[in-house]
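Topology and contacts: notes
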Amino acid sequence: MLTHTDGPRHTELRQLVNRAFTPRAVARLEPYIRSVIRQSLDEALEQGEVDFVDTVALLPVASIAALLGVPQEDWALLLRLTTAAFGSADQDLQTSPSARASAAMAHAQLLLYCQDLMSQRRASPREDIVTSLVEAQDKGLLDEEGAMLFFDLLLLGGNETTRHGAVGSLIALMEHPEQWQRLRADRGLLNTAVGEVLRYVSPSQHVLRRAERDVELHGVRIEAGQDVAIWHFSANRDERAFADADRFDIARAHNPHLALGSGPHYCLGAALATMELRLFLDELCERVGSAVMIEPPVRLASTVISGYKHLRVRLLPA
Ligand code: HEM
């Protein structure tokens, strides 16, 4: 898989789908993603009390589904299957064998769904990622399993990360109402706000690497062959890199955060993720004036995703 490959093969795999993830390509989805966010927020405003983790669930799934080429009538199915297959990072959800079994079943269904969609695209190609995966197989660059795992990776990579980025944004803004009001008054700050939310929330907790050679970093010696975990939350609060690192500042201009990784494996979906979060913040500011916490948020017990299982809130209209 892309994430577990280095060197020329990694470049080759990224090139298969790169075109779909450029800022220009994802910008075409903007009106549609905005409408998904509007609908979710309007429903939440109407309902009164909501679990905000559910409110934003459709946003990442619908966005990536559109790029992959999954027909709209199947998005609800995809949301259900991805939630069951990948939403089980929390130990609570993993202890029961039936939860594990249902996750495995949902995962298998997703792969079969991809297989079906690929045969449809083989018969009638379209401008979407699934068609690119079919073409890659025809050129001998991927086998069928590799193509299915690519589909899987794209669904997984863009799902919980973005969802918890949005949930974490709301919590950060609730905890810093003056910053929320500042953003409402000046949407010119949306881009720096997205960077700050990514830094402050750090939805992806870490990346793992193996050292290729001996290296010394800040007085710590890492030997060739040693496994290293890079904790984003720690790096993103490094006072040597960020002025007043613990402060949430939506106008932070110098923000070299590592929330989307770095180097050759830098997040493939970065342009999509930042657009989703920008539109989310924009629509939140447009429609929601403030929010009240009904219960303390319940954290997801996970070393992979920094997020919440539940966030019960009442949104108040702008
Ligand atoms: C706020 C949302 C997101 C965060 C915080 C995030 C974070 C990351 C990080 C830290 C990495 C680097 C992994 C590593 O170096 O081992 C990464 C890679 C990746 N991301 Fe994202 N991501 C987000 C959204 C997305 C979206 C929307 C997609 C779309 C499909 C996506 C797809 C990927 C893929 C495929 C990779 C692997 C790239 C490679 O190995 O070359 N991500 N992401």
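Predicted model, so just to flag it, every value in this text is computed and none were measured.

Overview of the overall build of the chain
Summing up its helical and strand segments, the chain has 15 helices and 9 strands in all. For 318 residues, the compact-globule estimate of 2.2 N^0.38 gives 20 Å, and the C-alpha radius of gyration of the chain, at 20 Å, lies within 12% of that figure. Each principal axis of the C-alpha distribution contributes one length, and for the chain these read about 55 × 55 × 45 Å. When burial is assessed residue by residue, the chain has 34% of its 318 residues classed as buried. Excluding contacts between residues fewer than 6 apart, the proportion of contacts in the chain whose partners are at least 24 apart in sequence is 69%.

Focus: the packing of helix α5 (residues 58-68) against helix α15 (residues 270-287)
With their axes 11 Å apart at the nearest point, α5 and α15 run at an angle of 135 degrees to one another. One finds that α5 runs oblique with respect to α15. Here the hand of the crossing between α5 and α15 comes out right-handed. Between α5 and α15, the residues in contact are Leu59, Pro60 and Ser63 and Leu272, Glu276 and Phe280, respectively. Of the residues contributing to the contact of α5 with α15, the split by class is 4 nonpolar, 1 polar and 1 charged.

Describing the sheet that holds strand β9 (residues 312-317)
With antiparallel pairing, 3 strands are arranged side by side in an open sheet as β1-β9-β6. The open sheet has two edge strands with one neighbour each: β1 (49-51) and β6 (288-293). On average, each strand axis in the sheet is inclined to that of its neighbour by 40 degrees, with strand direction left out of account. The sheet contact formed by β6 and β9 spans 5 bridges and is antiparallel. Counted as the bridge partner of methionine 293 is valine 313 from β9.

Here we look at unusual backbone geometry
Phi at serine 202 is positive, roughly 45 degrees, even though this residue is not glycine. Mapping serine 202 onto the fold places it in the loop between α13 (190-201) and β2 (206-210). Since 24 C-beta atoms lie within 10 Å of it, serine 202 is described here as buried. Positive phi outside glycine occurs at histidine 218, with the angle close to 45 degrees.

A few points about the environment of threonine 303
By the element assignment, threonine 303 lies in the loop between β7 (298-299) and β8 (308-310). Given 10 C-beta atoms within a 10 Å radius, threonine 303 is considered exposed. Between the C-alpha atom of threonine 303 and that of glutamine 205, which follows or precedes it by 98 residues, the distance is 6.4 Å.

Regarding α5
With 10 of 11 residues buried, α5 is to be regarded as a mostly interior element. Every buried residue belonging to α5 is among Leu59, Pro60, Val61, Ala62, Ser63, Ile64, Ala65, Ala66, Leu67 and Leu68, and all of these are buried. Among the structural elements, α3 (30-47), α6 (75-86), α9 (129-138), α10 (144-157), α11 (160-175) and α15 are those in contact with the buried residues of α5. Directly beyond the C-terminal end of α5, a positive phi value near 105 degrees is found at glycine 69.

Quick look at the site of the ligand
For the ligand, the set of nearby residues contains 23 residues, the closest of which are Gly157, Gly158, Gly261, Cys267 and Gly269. Among the secondary structure elements, those contributing two or more residues to the shell around the ligand are α10, α11 and α15. The residue makeup of the shell around the ligand, split by class, is 12 nonpolar, 10 polar and 1 charged.

Looking at the environment of arginine 126
Of note, arginine 126 is situated in the loop between α8 (97-123) and α9. For arginine 126 and glycine 146, which are 20 residues apart along the polypeptide, the C-alpha to C-alpha distance reads 20 Å. Among all residues touching arginine 126, those that are not within four sequence positions of it are Gly69, Arg121 and Thr131.

Quick word on the nonpolar core
Within the largest apolar cluster, 72 residues are counted, with the highest numbers of intra-cluster contacts made by Leu68, Leu133 and Phe151. At 9 residues, α15 tops the list of elements feeding residues into this core. If sequence neighbours within four positions are ignored, leucine 133 has contacts with Met118, Leu142, Ala147, Phe150 and Phe151.

Side note on α9
Working note: α-helix, 3.6 residues per turn, so residues spaced by three or four point in the same direction. Among all positions of α9, only Ile129, Val130, Ser132, Leu133, Val134 and Ala136 are buried. Positioned one or two residues after α9, glycine 140 has a phi angle of 80 degrees, which is positive.

Points about the packing of α5 against α6
It is at 10 Å that the axes of α5 and α6 come closest, and there the two elements cross at 120 degrees. Judged by the angle between their axes, α5 and α6 are oblique. Regarding α5 and α6, the two cross each other, and that crossing is right-handed. Contacts between α5 and α6 pair Leu58, Val61, Ala62 and Ala65 from the former with Trp75, Leu78, Leu79 and Thr82 from the latter. Grouping the amino acids of the contact of α5 with α6 by side-chain chemistry returns 7 nonpolar, 1 polar and no charged.

The rules behind the values
Residues numbered from 1 in each chain as written. Predicted model: local features only at pLDDT ≥ 70, side-chain atom pairs only at ≥ 80, totals over all residues. Helix = DSSP H or I, 4+ residues; strand = E, 2+ residues; numbered from the N terminus. Rg over C-alpha atoms; globule rule 2.2 N^0.38 Å. Buried ≥ 20, exposed ≤ 12 C-beta atoms within 10 Å, placed from the backbone. Contact = placed C-beta atoms within 7 Å. Axes fitted to C-alpha atoms, helices over the stretch in contact; angles between N-to-C directions. Parallel < 35°, antiparallel > 145°, perpendicular 65-115°, else oblique. Left-handed = near helix turned anticlockwise from the far one by under 90°. Nonpolar A, V, L, I, M, F, W, Y, C, P; charged D, E, K, R; others polar. Pairing = 2+ DSSP bridges. Near = placed C-beta within 6 Å. Core = buried A, V, L, I, M, F, W, Y, C linked by C-beta atoms within 7 Å.

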